[in-house]
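Each chain is listed here by its residues.
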Amino acid sequence: MKKNLISLAVAASVLGGAAVQAGQYVNPDKTGQVLLFPFYNADNGNATNMHIVNTTGKAKAVKIRFVEYKNSDEVLDFNLYLSKYDHFAFGIVKDPNGTGAAVITQDNSCTVPALGSPNAPFDGTATTNADGSVTRVQPFTNFQYATSKDVDSVIERTLTGHVEVIEMGVLTDGATAKTKWATFATHGATGVPANCAGIVAGWTSGAFETDDGVDAAEGGLYGLSYHINVESAAAYGFEPTAIDDWSTGATHTNPGSLLPTVVEGVPTATIHTSAGATQYTSINVGNGAQAVSAVLMTESLNNDVMVNPAIGGMTDWVVSFPTKRAHVDKAAAVAPFTKTWTGGPLKETPACEVISLAQYDREEQTFVAVVSTDLQFSPTPPDAPAADPAKICNEVAVIAMGTPGTASALNVTTGLSTIESTYTEGWQSMLFGTSASKNSMTVGGYKMTGLPAIGFGAYKVSNGAMSYGNAAEHKTVSNNVQSS
Amino acid sequence: MFSIAKKSTTQVGEFLVGFCFLAIISTSVSAAEYRLFVNDQAACSSAGKTGSVCVVEIGETTPSTVTPTTVTPTTVTPTTSPPAVVTTSTDDDCVVSTWEDCGGDGAASPGTVSSETSAPSGGTVAGGNLDFGSGGSNAGVKTYPVTVTNDIIAYPFTIIQGAYYGTVVIVPTSKPFPDDGTEVRMWWSKTAGGQPLAGAACSGNLGREGSRYWDQSGTRGYGCTIDNTAATLFLNLQACISTANDTTCSAAGAAAGSPAPIYLQGRLNEAK
């Protein structure tokens, strides 16, 4: 359904119901105020390259945030000031001077701080190339979890994660020559911002505290990404989930701050009810975290599996929960998640959620694993499958289809897990919870089942020395919603 | 765009009283002056009050620990706030008023108390120096490091008339957040540390990361509804160990929380 149809449906709902502002929603047009890239990885020579594009004719202030895979602890963020119609490209690679990940770019768009700056002990570098371009490398850091008493405080934890892009607002020109923020960010004929130093000075001088420099966010950002390993000769394209109407105002915040975060948008959400004449309904969730979760909720993820050894088939599923931290890094878990995360100090207790898998081959044959939570006749068969139910524990899970030890199609090792695949070709459904006890949350008068999940399947085949990769976004079941 | 500082520069000056208080604060209104005693049964008893928490008119008793000295405020009393009554103490390390403390991080010294209080958990109330209200001066691009403790930090939340709405957000810092179950509660009230305003959205358990919304414009349909009239409310923060749905650290069995370092930010918007 197109955005305008969603808007009409929401308007109809609002007119017929409580006076709730239309809430944030996943924009099927793939543009928005917030972009959630489900994955990055810098293992084993991998690079994940990302583009962020401003499709509008207005300059924008944007927060780029990288978070690690276990608990979405932030590992780096910076402010990006996009010119109108700007295109910002960067890669995430292994730090050439360290063992964690780093962002690398030759883009001219204005960032604050400038990428390639000191940030001891994870200092960046800026190298001028023969053609005059500058290659900037800014390593990720472990400050947020290493000093938080996490057992796993190594910098290598930054090698896998996901990326949040948040529009903080539309840049405006202030009254004085020193506050022409939109003009400063605009690229001239040479392709560089007119005055990035002026924007930097806006922070160092405190001018942004007098005039925050932005109007309310309007959306219009899109992103794309591809994960590549040159040696293994395969690349996988994927796109972020775009959320629109996330904020009604500006959220321009000083660099060096963890704000804004994706969970502080408006507390209203437009959810897919698929019930009656109104397919979409705007609800007051009450808090930003569950509002984002509401628009991402899916009862299950569904996608292909292809591990046919005749063609060297490999399949990874990337499953990410962009809001999980806000639900589990607490004294008590908040629905729809059920377990809390503890990083230390003595041991790590991950917030694992049970999943139920149904696997199908290409001819409708199916296999559903029997787990200990299911009722069984006694005595149990001698070849009973694994007793423990499958679980997903990390906020970014990369799951290779195969027996333990199976290599990853994406060439990932950090945070990699496996799921055995019964069939060499077919598809799989991953239900959150069990059929008898699905994950769910009830907010704004609706009970919705599942978890707020995004991701994609990555497929690799080999033909002699040549290999090929492709990726396909997971198919979701977002409409299993009941009025409560 | 709505520029906070443009609107409120004058008010900032009015608020900066620039004195501090410590341990026990005397609070005066135009005709009488009162002191709040917390966990001081002896002082309450000598004033003829029962219990360990009491409000005593000056003259009824003399504090046993600190003798405040009243001084003249150096700036005018703001028109949208309670009387700016200031006292100093014998401790010359700190000079704050209800609206200004000595800490650079927005957190007041533990143990300080401000005017008329009704702490849900019986904890003391610390005066904060930030004001994220529509008439305040701190909502905007900055974030403020604050350590929330079992003492309530009561920030003034100044309201001026207009179609305003906003957000208050907390996020963890790089400093270790306590892992003993401590979580941060936040609520708006009419008095420092007092009972929350009516409505489920006017108080919340934010944990270590979260946000709450307020609306005086009547246009949002969500958040804590605040009357669109000039007033000074209070935004209260307290760290405690309690049930998840305890939004003011007032549930039976609520225990003192450990010091919880956070970043705090307020945002202000104007409905168009």
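Because the structure is a prediction, the values reported are computed rather than measured. (Residues numbered from 1 in each chain as written. Chains lettered and ligands numbered in written order. Predicted model: local features only at pLDDT ≥ 70, side-chain atom pairs only at ≥ 80, totals over all residues. Heavy atoms only, no water.)

Moving on, we get to the sheet that holds strand β28 (residues 446-449) of chain A. Residue and element names in this part refer to chain A. Sheet architecture is open: three strands sit in the order β27-β28-β33, paired in antiparallel fashion. Where the open sheet ends on each side, the last strands, each with one partner, are β27 (440-443) and β33 (481-483). Taking the axes of each pair of neighbouring strands and ignoring which way they run, one obtains an average angle of 20° across the sheet. In this sheet, β33 lies alongside β28 in antiparallel orientation, the contact comprising three bridges. The partner of Y446 across the bridge, within β33, is S483. (Pairing = 2+ DSSP bridges. Helix = DSSP H or I, 4+ residues; strand = E, 2+ residues; numbered from the N terminus. Axes fitted to C-alpha atoms, helices over the stretch in contact; angles between N-to-C directions.)

Contacts between the two partners involve 37 residues from chain B and, on the opposite side, 46 residues from chain A. Buried surface at the junction of chain B and chain A, summed over both partners, amounts to about 3,200 Å²; 49% is from carbon and sulfur atoms. At the surface where chain B touches chain A, the tally comes to three salt bridges. A salt bridge links R208 of chain B to D329 of chain A; its shortest N-O distance comes to 3.3 Å. There are 15 residue pairs in polar contact (both at pLDDT 80 or more) connecting chain B and chain A. Of all the secondary structure elements, the ones that give two or more residues to the side of chain B that touches chain A are α1 (4-15), β9 (164-172), β11 (203-207), β12 (210-215) and β16 (260-270) of chain B. It is β9 of chain B that provides the largest number of residues to the side of chain B that touches chain A, a total of four residues. Residues belonging to the side of chain B that touches chain A are distributed by class as follows: 14 nonpolar, 13 polar and ten charged. (Contact = heavy atoms within 4.5 Å. Buried area = accessible area lost by both parts, 1.4 Å probe. Salt bridge = Lys/Arg side-chain N within 4 Å of Asp/Glu carboxyl O. Polar contact = N/O pair within 3.5 Å; in protein donor to acceptor, adjacent residues only side chain to side chain. Nonpolar A, V, L, I, M, F, W, Y, C, P; charged D, E, K, R; others polar.)

With that settled, consider unusual backbone geometry. Residues and elements named next belong to chain A. Here the amide bond leading from A120 into P121 is cis, since omega sits at 0°, within 30 degrees of zero. Relative to the assigned elements, P121 resides in the loop between β8 (110-112) and β9 (125-128). Of note, K30 is a non-glycine position whose phi angle comes to about 70°, a positive value. With respect to the element layout, K30 can be found in the loop between β1 (25-26) and β2 (34-41). Judged by relative accessible area, K30 falls into the partly exposed class, the value being 29%. Positioned with a positive phi, D245 is a non-glycine residue whose angle comes to about 55°. Mapped onto the fold, D245 is located in the loop between β15 (241-244) and β16 (268-272). (Buried < 20%, exposed > 50% of the residue type's maximum accessible area, 1.4 Å probe, protein only.)

Before going further, it helps to examine the confidence of the model for chain A. Residues and elements named next belong to chain A. Model confidence for chain A is summarised by a mean pLDDT of 91, while 91% of its residues fall at 70 or above. Ignoring residues within four places in sequence, the model shows residues 1-5, a span with pLDDT below 50, making eleven contacts including any to other chains. Ignoring residues within four places in sequence, the model shows residues 11-19, a span with pLDDT below 50, making seven contacts including any to other chains. (pLDDT = per-residue confidence, 0-100.)

With that settled, consider the state of the cysteines. Using the criterion set out here, one finds four disulfides over all chains in the structure. A sulfur-sulfur distance of 2.0 Å marks the disulfide that ties C110 of chain A to C196 of chain A. Classification of the bridge connecting C110 of chain A and C196 of chain A rests on its S-S torsion, roughly 75°, and on that basis the disulfide is right-handed. A residue pair is termed long-range when its members are at least 10 positions apart, and C110 of chain A in strand β8 and C196 of chain A in helix α4 (residues 196-204) qualify at 86 residues. Judged by its relative accessible area of 1%, C110 of chain A is buried. Judged by its relative accessible area of 22%, C196 of chain A falls in the partly exposed class. Here C202 of chain B pairs with C224 of chain B through a disulfide, and the sulfurs are 2.0 Å apart. The disulfide joining C202 of chain B to C224 of chain B has a torsion of about 95° about its S-S bond and is therefore right-handed. Here the residue C202 of chain B occupies a position in the loop between β10 (183-189) and β11, and C224 of chain B occupies one in strand β13 (residues 224-225), the gap between them amounting to 22 residues. Numbered in order of appearance, the disulfide-bonded cysteines of chain A are paired 1-2, 3-4. (Disulfide = S-S within 2.5 Å.)

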